[in-house]
Amino acid sequence: MNLLCQLKKQLPLSLGIAIRKEFLYLNGLFFRGNQFECRLCGHQYRKFLAGGFDLPVINELQIIGGGRRPSTICPGCHSNDRERLLHYYFEQNPAVFTKKDILHIAPEPALGRYLQKYAKSYIGGVKYYEGFYYPPNVQLLDVLALPFPENHFDLIVCNHVLEHIEEDLEAMKALYKVLKPSGTAILQVPWSPLLQQTKEDFSITLPAEREKYFGQFDHVRVYGQDYPKRLESVGFKVSKVYPKQLSINEAALKSLAINPKECIFIAEK
Ligand SMILES: [Zn+2]
């Protein structure tokens, strides 16, 4: 465990959250400018921060939703490029989330706050990882054992989770089950447009090997072009929406630091 994790463990949770909030506020002030824009926190910045990992497999497979991006994290609210893309989509499609029952798995904090503001009900849940701070309303949830009735949610947002789960089809079935008929699930994953078939090998278990083959120490696969077919195999109707279909012009793509190659996987029941 690194020093930062050890320090975090010593702090009461409420104090840790307060320090983080204060840090983000000051960090945001420091980076104010007019080069980048974050509509999730409503401010403009001279710089977005770098994020993601620079690993050979990510570059070789041109994995979308992964890899080192020099300008991707908002210094004020820590939203990433994916969150800002989804925010743009939601702003254009308010009927998907306004006054709806929403389940947000592994909730991205800035996107979660936004959805919560307009939801009828909002549940954020995650499998806890040591060393991370979660907002107080985030509960412990296992996608493979969701404690909700069938046909319960209008919207499910579950990003960058399925690539961690060996039984991903079971997880997809579980999400499908709790989604209402005609409900929508946003299920982003890192994926490679160069792979026709998803690459997975469950005999690879060592963190260093998983990093080498799948691009992160705890990923069990890299999805390929067949990702929508996997979702369809459990019943979802899937469409892909690219930023250009949302009419984001070049200037906005740049200022919002959205990846033009990242599509939104929209899975409907
Ligand atoms: Zn922001």
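Just above sits the structure.
Residues numbered from 1 in each chain as written. Predicted model: local features only at pLDDT ≥ 70, side-chain atom pairs only at ≥ 80, totals over all residues. Heavy atoms only, no water.

**So, empty space enclosed by the protein**
Over the atoms rolls a probe the size of a water molecule, and its path tells where empty space is left.
Now for step 1: Throughout the structure, instances matching the rule amount to one cavity of 30 Å³ or more.
Now for step 2: Taken as a whole, the largest cavity spans an internal volume of roughly 30 Å³.
Now for step 3: Contributing to the lining of the largest cavity are Arg39, Leu40, Arg84, His87, Tyr88 and Leu256.
Now for step 4: Each residue belonging to the lining of the largest cavity can be placed in one class, and the counts come to three nonpolar, one polar and two charged. (1 Å grid on protein atoms, 1.4 Å probe; cavity = no way out; pocket = protein on both sides within 12 Å on 5 of 7 lines; lining within 4 Å. Points joined across faces, edges and corners; volume = space filled by probe spheres on them. Nonpolar A, V, L, I, M, F, W, Y, C, P; charged D, E, K, R; others polar.)

**Notes on the packing of helix H4 (residues 81–92) against helix H5 (residues 109–118)**
Now for step 1: Running from N to C, H4 and H5 point in directions that differ by 15 degrees, and their axes come no closer than 9 Å. As judged from the angle between their axes, H4 and H5 are roughly parallel. By crossing handedness, the relation of H4 to H5 is classed as right-handed. Of H5, the residues touching H4 (which contributes Glu83, Leu86, His87, Phe90 and Glu91) are Pro109, Ala110, Leu111, Tyr114 and Leu115.
Now for step 2: Broken down by class, the residue content of the contact of H4 with H5 amounts to seven nonpolar, one polar and two charged. (Axes fitted to C-alpha atoms, helices over the stretch in contact; angles between N-to-C directions. Helix = DSSP H or I, 4+ residues; strand = E, 2+ residues; numbered from the N terminus. Parallel < 35°, antiparallel > 145°, perpendicular 65-115°, else oblique. Left-handed = near helix turned anticlockwise from the far one by under 90°. Contact = heavy atoms within 4.5 Å.)

**Let's talk about the nonpolar core**
Now for step 1: Core analysis: the largest hydrophobic core is formed by 35 residues, its most contacted members being Tyr89, Phe90, Leu115, Leu155, Ile186, Leu246 and Ile264.
Now for step 2: Contributing elements (two or more residues each) for this core: strand E1 (32–38), H4, H5, strand E8 (153–158), helix H9 (250–255) and strand E13 (264–268).
Now for step 3: Sort the elements by how many residues they give to this core and H4 lands first, with five residues.
Now for step 4: Apart from the residues within four sequence positions on either side, Phe90 is in contact with Val96, Phe97, Leu111, Tyr114, Leu115, Leu155, Val157 and Ile186.
Now for step 5: One finds Ile123, Ile156, Val161 and Val238 within the second-largest nonpolar core, a separate group that totals 33 residues. (Core = buried A, V, L, I, M, F, W, Y, C linked by side-chain atoms within 4.5 Å. Buried < 20%, exposed > 50% of the residue type's maximum accessible area, 1.4 Å probe, protein only.)

**Some thoughts on the coordination of the zinc ion**
Now for step 1: For the zinc ion, the full set of protein donor atoms is Cys38 (SG), Cys41 (SG), Cys74 (SG) and Cys77 (SG), and the range of their distances to it is 2.3 Å.
Now for step 2: Because the angles between the four donor atoms bound to the zinc ion fall within 105 to 119 degrees, the donor set is best described as tetrahedral.
Now for step 3: Sequence positions of the residues that donate to the zinc ion give the spacing C-x2-C-x32-C-x2-C. Within this pair, whereas Cys41 is found in the loop between E1 and strand E2 (43–45), its partner Cys74 is found in the loop between strand E4 (69–73) and H4, the two being separated by 33 residues in sequence.
Now for step 4: Taking the relative accessible area as the measure of exposure, Cys74 reaches 0% and is therefore buried. (Donors = N, O, S within 2.8 Å, 3.2 Å for Na, K, Ca; no water. Tetrahedral: all angles 85-135°; square planar, octahedral: opposite > 155°, others 65-115°.)

**Considering the packing of aromatic side chains**
Now for step 1: Taken as a whole, this structure holds 12 aromatic pairs when the rule is applied.
Now for step 2: Note on Tyr114 and Tyr118: the rings are 5.5 Å apart at their centroids and 65 degrees apart in plane angle, and the pair reads as edge-to-face. Taken as a pair, Tyr114 and Tyr118 lie in helix H5 at a separation of four residues, close to a single helical turn.
Now for step 3: When its relative accessible area of 37% is taken as the criterion, Tyr118 is described as partly exposed.
Now for step 4: With a centroid separation of 4.7 Å and 55 degrees between ring planes, the pair formed by Tyr223 and Tyr227 is classed as tilted.
Now for step 5: Grouped by ring-pair contacts, the aromatic residues Tyr89, Phe90, Phe97, Tyr114 and Tyr118 constitute a single cluster.
Now for step 6: Taking the ring centre of Tyr176 as reference, the NZ or CZ of Lys269 above it sits at 4.7 Å. (Phe/Tyr/Trp six-rings, centres within 6.5 Å; stacked < 30°, edge-to-face > 60°. Lys NZ or Arg CZ within 6 Å of the ring centre and 35° of its normal.)

**Re H5**
Now for step 1: Among the residues of H5, Ala110, Leu111, Gly112, Tyr114 and Leu115 are the ones counted as buried.
Now for step 2: Those residues of H5 hidden inside the fold are in contact with H4, strand E5 (101–105), strand E6 (121–126) and E8.

**Details of the layout of surface pockets**
Now for step 1: Of the volumes computed, that of the second largest pocket is approximately 340 Å³.
Now for step 2: Taken together, the residues of the lining of the second largest pocket break down into five nonpolar, six polar and six charged.

**Thoughts on unusual backbone geometry**
Now for step 1: Notably, Gln62 is not glycine yet its phi reads approximately 50 degrees, a positive angle.
Now for step 2: The phi dihedral of Asn151 falls on the positive side, at around 55 degrees, and the residue is not glycine.
Now for step 3: For Asn151, the position within the fold is in the loop between strand E7 (138–140) and E8.

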